[in-house]
Amino acid sequence: MKFIDEYQNSELAGKLAHRIANCSTKPIRLMEFCGGHTHAIMRYGIRQLVPKTVGMRSGPGCPVCVTAIADLDKAIAMAHLPGVIITTFGDIVRVPGSYSSLQQAKAEGADMRIVYSTIDAVEIARVNPKKSVIFVGIGFETTAPTIAASIIKARREGIENFYVLSLLKLTPPIMKALLDLGEVRLDGIIGPGHVSAIIGSHPYEFIPRDYNIGCVISGFEPLDILLCLNKLVEQIEGGKPKVEIAYPRGVKPQGNKKALELMNAVFETNSANWRGIGIVPQSGLRINKKYQHFDANRAFEVSLESAREHKGCRCGDILRGVATPLGCKLFGKVCTPEDPVGPCMVSSEGACAAYYQYGASYE
Amino acid sequence: MCLAVPVRVVSIEGDEAETEIGGVRYRASIALTPEVMVGDYVLLHTGYAIGVVDEAEAKETLKLLEEIASVSEVH
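Residues numbered from 1 in each chain as written. Chains lettered and ligands numbered in written order. Predicted model: local features only at pLDDT ≥ 70, side-chain atom pairs only at ≥ 80, totals over all residues.

Explain the overall build of chain B residue by residue, including any values.
Looking only at helices and strands, one finds one helix and five strands in chain B. In chain B, the succession of α and β elements from N to C terminus is β-β-β-β-β-α. Relative to a compact globule of 75 residues, whose C-alpha radius of gyration would be 11 Å, chain B shows 16 Å and is clearly more extended. Burial status across chain B gives 43% buried among its 75 residues. Sequence separation of at least 24 residues holds for 26% of the intrachain contacts in chain B that already meet a minimum separation of 6. (Helix = DSSP H or I, 4+ residues; strand = E, 2+ residues; numbered from the N terminus. Rg over C-alpha atoms; globule rule 2.2 N^0.38 Å. Buried ≥ 20, exposed ≤ 12 C-beta atoms within 10 Å, placed from the backbone. Contact = placed C-beta atoms within 7 Å.)

Report on the domain arrangement of chain A, specifying residues and quantitative values.
Residues and elements named next belong to chain A. Along its sequence, chain A is carved into domain 1 (1-306) and domain 2 (315-352). Computed over C-alpha atoms, the centres of domain 1 and domain 2 are 18 Å apart. Broken down by secondary-structure element, the contributors of at least two residues to the side of domain 1 that touches domain 2 are α2 (35-43), β2 (54-61), α4 (63-66) and α9 (171-181). Partitioning the side of domain 1 that touches domain 2 into residue classes produces 12 nonpolar, eight polar and five charged. (Domains from an automatic or database assignment. Nonpolar A, V, L, I, M, F, W, Y, C, P; charged D, E, K, R; others polar.)

I'd like a rundown of the interface of chain B and chain A, residues and numbers included.
Listed as interface residues are 34 residues of chain B and, on the opposing side, 42 residues of chain A. Among the elements of the structure, β4 (41-45), β5 (48-52) and α1 (55-74) of chain B are those that each provide at least two residues to the side of chain B that touches chain A. Per-element tally for the side of chain B that touches chain A: the top contributor is α1 of chain B, with 11 residues. Residue composition of the side of chain B that touches chain A, grouped by class: 20 nonpolar, 10 polar and four charged.

Which residues make up the pairing of strand β6 (residues 162-168) of chain A, and what values do they have?
Residue and element names in this part refer to chain A. Among the seven residues that make up β6, seven are buried, leaving the element largely enclosed by the rest of the structure. Note: strand β5 (residues 132-139) against β6, seven bridges, orientation parallel. If you follow V136 over to β6, its bridge partner there is L165. Handedness of the crossover joining β5 and β6 through helix α8 (residues 144-156): right-handed. (Pairing = 2+ DSSP bridges. Right-handed = clockwise from strand over helix to strand, strands pointing away.)

Account for the sheet that holds β6 of chain A, naming residues and giving values.
All names here are of chain A. Pairing within the open sheet is parallel, and its four strands lie in the order β4-β3-β5-β6. Each edge of the open sheet carries a strand with a single partner, namely β4 (111-114) and β6. With direction set aside, neighbouring strand axes in the sheet form an average angle of 20 degrees. As paired elements, strand β3 (residues 84-88) and β4 share four bridges and run parallel to each other. Note on β4: the bridge partner recorded for I86 is M112. Helix α7 (residues 118-127) contacts β3, β4, β5 and β6 of the sheet and is inclined by roughly 170 degrees relative to β5. Relative to β6, α8 is tilted by about 160 degrees, and along the sheet it contacts β5 and β6. (Axes fitted to C-alpha atoms, helices over the stretch in contact; angles between N-to-C directions.)

Quick rundown of α7 of chain A? Include the residues and the values.
Of all the positions in α7 of chain A, only T118, I119, A121, V122 and A125 of chain A are classed as buried. When α7 of chain A is viewed along its axis, its buried side chains cluster within an angular range of 160 degrees and face the same direction. Its buried side turned inward, α7 of chain A meets β3, β5, α8 and β6 of chain A together with β3 (24-29) of chain B. (Arc of directions from axis to C-beta.)

Describe in detail the sheet that holds strand β9 (residues 243-245) of chain A, supporting the description with residues and values.
All names here are of chain A. An order of β2-β1-β7-β8-β9 is seen for the five strands of this open sheet, with the pairing classed as parallel. The sheet terminates laterally at β2 and β9, the two strands that pair on one side only. Between one strand axis and the next, the sheet turns by 20 degrees as a mean value, whatever way the strands run. Taken strand by strand, helix α12 (residues 222-238) contacts β1 (28-34), β2, β7 (188-191), β8 (214-217) and β9, and its axis lies near 160 degrees from that of β8.

So what's going on with the nonpolar core? Residues and values would help.
Grouped together as the largest cluster of nonpolar side chains are 145 residues, with contacts concentrated most on L16, I134, I189 and C352 of chain A together with A49 of chain B. By residue number, the principal contributor to this core is α12 of chain A, which donates nine residues. Mapped onto the domain boundaries, this core takes at least three residues apiece from domain 1 (1-306) and domain 2 (315-352) of chain A. If we ignore the near neighbours within four places in the chain, the residues touching C352 of chain A are I318, P325, F331, C335, C344 and M345 of chain A. (Core = buried A, V, L, I, M, F, W, Y, C linked by C-beta atoms within 7 Å.)

Could you give me a rundown of the pairing of β3 of chain B, with the residues and numbers involved?
Residue and element names in this part refer to chain B. Strand direction decides the pairing type here: strand β2 (residues 16-21) and β3, joined by six bridges, are antiparallel. Bridge pairing links E18 to R27 in β3. Hairpin geometry of β2 and β3 is characterised by an intervening segment of two residues between the two adjacent antiparallel strands and by a positive phi of about 55 degrees at G22.

Give me helix α13 (residues 257-266) of chain A: which residues, what numbers.
Among the residues of α13 of chain A, those classed as buried are A259, L262, M263 and V266 of chain A. One face of α13 of chain A carries all of its buried residues, which in axial projection span an arc of 100 degrees. Check the buried side of α13 of chain A and you find it contacts α8, α10 (193-199), β10 (267-274) and β11 (278-287) of chain A together with β5 of chain B.

Now the structure itself:
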């Protein structure tokens, strides 16, 4: 398939890895922000391909994983409201909340439907005019404009029974929060490709300026990732950290202006609650006043018991890059993809799911 | 969540486009990429084209990869 196959050439990959090995003289630790990168790195065996000096740590770039348990509890409570159809993307339905999950809510009679796109959720609202259709909006900047577009579409077409519970989160503020925490020494960041397709590369300029480390935006095929690693290693060895785009076929420095315009038309920034990290100011998106009719937070009230984290689950530490899944006692024993304890094992982008699926023997 | 795949735009009607990848067709929204034209490849994410793939840049990247690989052979 075009723009996929040519970036999977194993002969070139081997040569690139060789080049990285030639260039890398000191041990470094990089963070791949995006869960999609974590899975690609494992799937293509990139950790085994690059020299041992190049260490990699997963970051918080898995929207399902970083959804705070209290927010998930709220979505589950909304699913139980009479006359409500709750819609969401697939991964989150199996994540255990404090007391239940969306999947369990469905088993108990809630009308919960998995959708591929917000377009489908709006359509469900259109054909069920007597029901309130709530879309549980998880995601980063990649997804935020699509949710904005669906809200604008619902308004334009007079679909007043469509609501969004916005749990959207922003990438640069959480990168800053992690760097400020300083729990893990990082020498560079593998920047998220599709978040950056929307926001561009400029919002990361604070990383080399304030933290003296580089950020190279990467695509998701093995050659994309190796090119990104090559650039980061060269930056580190040369002592010149900067923001670079190693995925220029998908990312422009200015991002996608139309997508940003729609996102800004519907949302405003607010603080967001991140699993394992807590409340981070200006790191989330809520629906603004102009579109407040569509805000599920405003339209529905639910009473919640206090959130309860699962004992022993280290998803929070893993999302901050402090631990790898192998550092969790539950990993692969009590917590498996069939019977997950935490979101990092549920999500198709979760670090635990990646370690479980592709094997953990390389560490 | 942030998964996006490059699909080819087959036809356009209003703010929707018929797209194709590996013989599979999907009707996508192009509300976020109004500049897209038939024959372009777009990054498809949750039913929306979130960006148009830059073919010239794609070729440049492949060229760069070949160059880096050839330097690696010399050493």
